[in-house]
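These are the residues of each chain, in order.
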Amino acid sequence: MSTASRTGGSFLANLNIQAKLALAYGLVLAMFTFTCLMVFVSSQELTESRGWVRHTYTVIALLDQLKADMLQQRIDLATSTRESSYLANYQAAHASYERDFQDVKQLTVDNPSQQQRLDQVEATINGWYAAVAEPIIAHAGGAAATVGPGTAGSSEYGYAQLEKVSGLLQDAVQEELSLLMSRTTTSDRDTGRLKAWVLAMLGLGLSIGAATVLFTRRQVTEPIVQLTRLMDRLAAGDTAMEVPNTGQRDEIGALARGLESFRNVKRAADRETWVRRHLLEIGAGLQLAASRDEFAEILLSRLCHLLHAGYGAFFAWDEAQQKLFLRAGFGYSGHADLPESFALGQGLVGQAAREAKPLLLSPVPESYLRIGSALGEAAPRCLMVYPILGRGILAVIELAAFQPPSADQEYLLKELLASAGLQLDAIINAEKTRVLLTQAQAQTEELQASDEELRATNEALQGKNAQLQQQRAQLQQSEAALTAQAEELRATNEELEETGRILNDSNAQLERTRQALEQKATELARASQYKSEFLANMSHELRTPLNSVLILAKSLADNEEGHLSADETESARVIQESGSHLLQLINDILDLSKVEAGKMQVLAEDAPVAEILATVESRFRPVAKQRALALRVEQAPGLPQILRTDSAKLQQILTNLLSNAFKFTEHGRVSLLLRRPDQAPPGAPELLPAQAVLFEVSDTGIGIAPEKLVRLFAPFEQADASTSRKYGGTGLGLAISRRMARLLGGDLQVSSVAGEGSVFRLYLPERFAGPAAEPD
């Protein structure tokens, strides 16, 4: 960037575009105005010069007319001496002379010499009038007959005076001719000067116009065109360009600063897109890992390729031994002098685990480590140690590279290791879960084997009891015969005593076996309770990382900043939907585990019946409209308006029943009817119909086969459990619903005909006093 661009440029460059255009075109306008003014002034001068020329011509013509009028007077006056009729001509010539004389005198009022000359003409002509004309006029007629050549010669008619007047008039004409030449010269000079001004102003105007165009181009057009090209480059993804004119304080500077801001935003967006893309790619690869070793191999390989690291090691934390053990390596030679386990605080790996902070060492000494290949080896310049954290320390990654990570790579590592910690924590919990499930299965198998042994023992004892009873019957039959046979009777008594002893021993063994069986049953119940408590606790542990995954997937699916493509957005939406289904499954398992573990709490409260029905109808009315099904919600007359129950669990049961009804119904209707039951339900025989209410959910769907009705309320049982089943679900909803109904003091029953529909009946007491023991 040039110095002018950084500091703001010259004074002209800092003017806004309006001021620049006003300056440029104002100069042109000023030049045009000045040119017009000069042309106007020159035109006025030329017009004035031409007016004086015309004025001179008029004066000369009038002077010539005076000479003619004077000559005409003299001729008419001389002729009138012989013929009186010419006197009228004289008078007309005299009047014309007087008018022309006054006009000439008026036109030459600005010329003193001409005025003086005309005064002489006037005095001379007046003398001529007095000496010659007036006597002739006075004696016109009779006197004329007496005038003869001897008395009225040329001297008598004032020839000398008239010649003097003619000479004065001729002088006046000469002076006017001199003025005419001078004024003609002035007019020609003004005409030439006007032409010169016009040509000069034309040249100057063209120069100023060219300068204005050049100024406008350099100060306005070229910067805007340059910024436009930079905008095109920025739109094409080029963020390495330099933006000029950012220091100017005009509109162009504002545009340049705006473009600079857009460039920075584009760089940040590209960086965020790059980070998110790699996070998705690495996250997708880590999701394939089923164990910590697979997770370590995938994560370490991806990080080494991403950071161009030539060496990498993954140390996993062992909670039992309180140490970090090597689980995966990248470019790791496995020399004997390289440790494969670290305690907290031992070495950089242990220190990073203790402080839960990354460590970055650069430069690394030459003798510290060598990264080698088939072509050679060299020492790395940067050593990076990163801890992976969950609820505590989970693992530590050590990397060595020839250059430190960039800012974008550090940001990616921060985001990646945070999400990787959640995934690794989930894998560790899954491994623990698998171990516990394996132990539980082993205990269950042992209990089953013991149960089989106990059953076999019972069968053997029952056989012996039957045999003993048969022997007793034989002894009783032989008692009459043994009366006479004392010896045989004594022997038989001894046998009977021995048999009794054996029987007592068998009964004692049977009692011990029964006690052992009861103990095994108690242990089995305790293991089942432990399993339920474990599932309830693990559901909470699974939901915590799963909620984080759902939040991240929703953020990616919303794509608010528009960084992801349509495929990436769809993938994020699939992840979110799958996670939501998994979360629903976990919630169902949690509810079932709470019920089985006896931790499901019931809160009895007053619930308005109308509100319950309105909530259910508003929730499923859009579903019915979408599936083109009829939804009918009715309440029979004479029912109470308030129920004493847990409204939340009641809503959950009704929602589950109506959801199943809509799921398995493609045409027809779904109904919810609230009425009094006709009889007590099988699961709550103590519930009197007069003190109970019945929520009856019926549909016209596919129905349920009779052989499946028996197992319908067992966990994980479904109407269609095949791998190609059309309807989804986990098979927990009805099991949870029946257990909740019995916790509320009621029961849930079903009747169905395959192909015609199903009817679910929820029996509940009007006034629920508190939770009761759930029947087996």
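Use the structure listed above.
Residues numbered from 1 in each chain as written. Predicted model: local features only at pLDDT ≥ 70, side-chain atom pairs only at ≥ 80, totals over all residues. Heavy atoms only, no water.

On to helix H9 (residues 292–307). Because an α-helix packs 3.6 residues into every turn, residues spaced three or four apart end up facing the same way. Look at H9: 22 Å from first C-alpha to last across 16 residues, which is about the 22 Å you get at 1.5 Å a residue. Backbone geometry just after H9 places His308 at a positive phi near 55°. (Helix = DSSP H or I, 4+ residues; strand = E, 2+ residues; numbered from the N terminus. Expected span 1.5 Å × (residues − 1).)

Across soluble globular proteins, you tend to see nonpolar side chains buried next to one another. Residues Leu654, Phe695, Phe760 and Leu762 are the most contacted members of the largest nonpolar core, which totals 41 residues. Every element with two or more residues in this core is listed here: helix H14 (609–627), helix H15 (647–663), strand E12 (669–675), strand E13 (692–699), helix H17 (733–743), strand E14 (747–753) and strand E15 (757–765). Top element by residues in this core is H15. It accounts for seven residues. In terms of nonpolar packing, the next biggest core, distinct from the first, is built from 34 residues, Leu413, Leu416, Leu417 and Ile428 among them. (Core = buried A, V, L, I, M, F, W, Y, C linked by side-chain atoms within 4.5 Å. Buried < 20%, exposed > 50% of the residue type's maximum accessible area, 1.4 Å probe, protein only.)

So, on to the pattern of salt bridges. According to the stated counting rule, one finds 12 salt bridges in the structure shown. Ionic pairing is found between Arg767 and Asp606, a salt bridge with its closest N-O pair at 3.7 Å. One end of the pair, Arg767, is in the segment after E15; the other, Asp606, is in strand E9 (residues 605–608), and 161 residues separate them in sequence. For Arg767, a relative accessible area of 53% corresponds to the exposed category. Judged by relative accessible area, Asp606 falls into the partly exposed class, the value being 45%. Residues participating in the shared-partner salt-bridge network are Arg675, Asp678, Glu696 and Arg761. (Salt bridge = Lys/Arg side-chain N within 4 Å of Asp/Glu carboxyl O.)

Once that is clear, we can look at the sheet that holds E13. Strand order in the open sheet formed by five strands is E10-E12-E13-E15-E14, with mixed pairing between adjacent strands. Whereas interior strands pair on both sides, the edge strands pair on one side only; in this sheet they are strand E10 (630–635) and E14. Ignoring strand direction, the axes of neighbouring strands in this sheet form an average angle of 10°. Here E12 runs beside E13; their pairing, made up of six bridges, is antiparallel. Note that in E13 the partner of Leu673 across the bridge is Glu696. Set on the sheet, H17 makes contact with E14 and E15; between it and E14 the angle comes to about 135°. (Pairing = 2+ DSSP bridges. Axes fitted to C-alpha atoms, helices over the stretch in contact; angles between N-to-C directions. Contact = heavy atoms within 4.5 Å.)

Worth remembering: the numbers are spatial, not functional.
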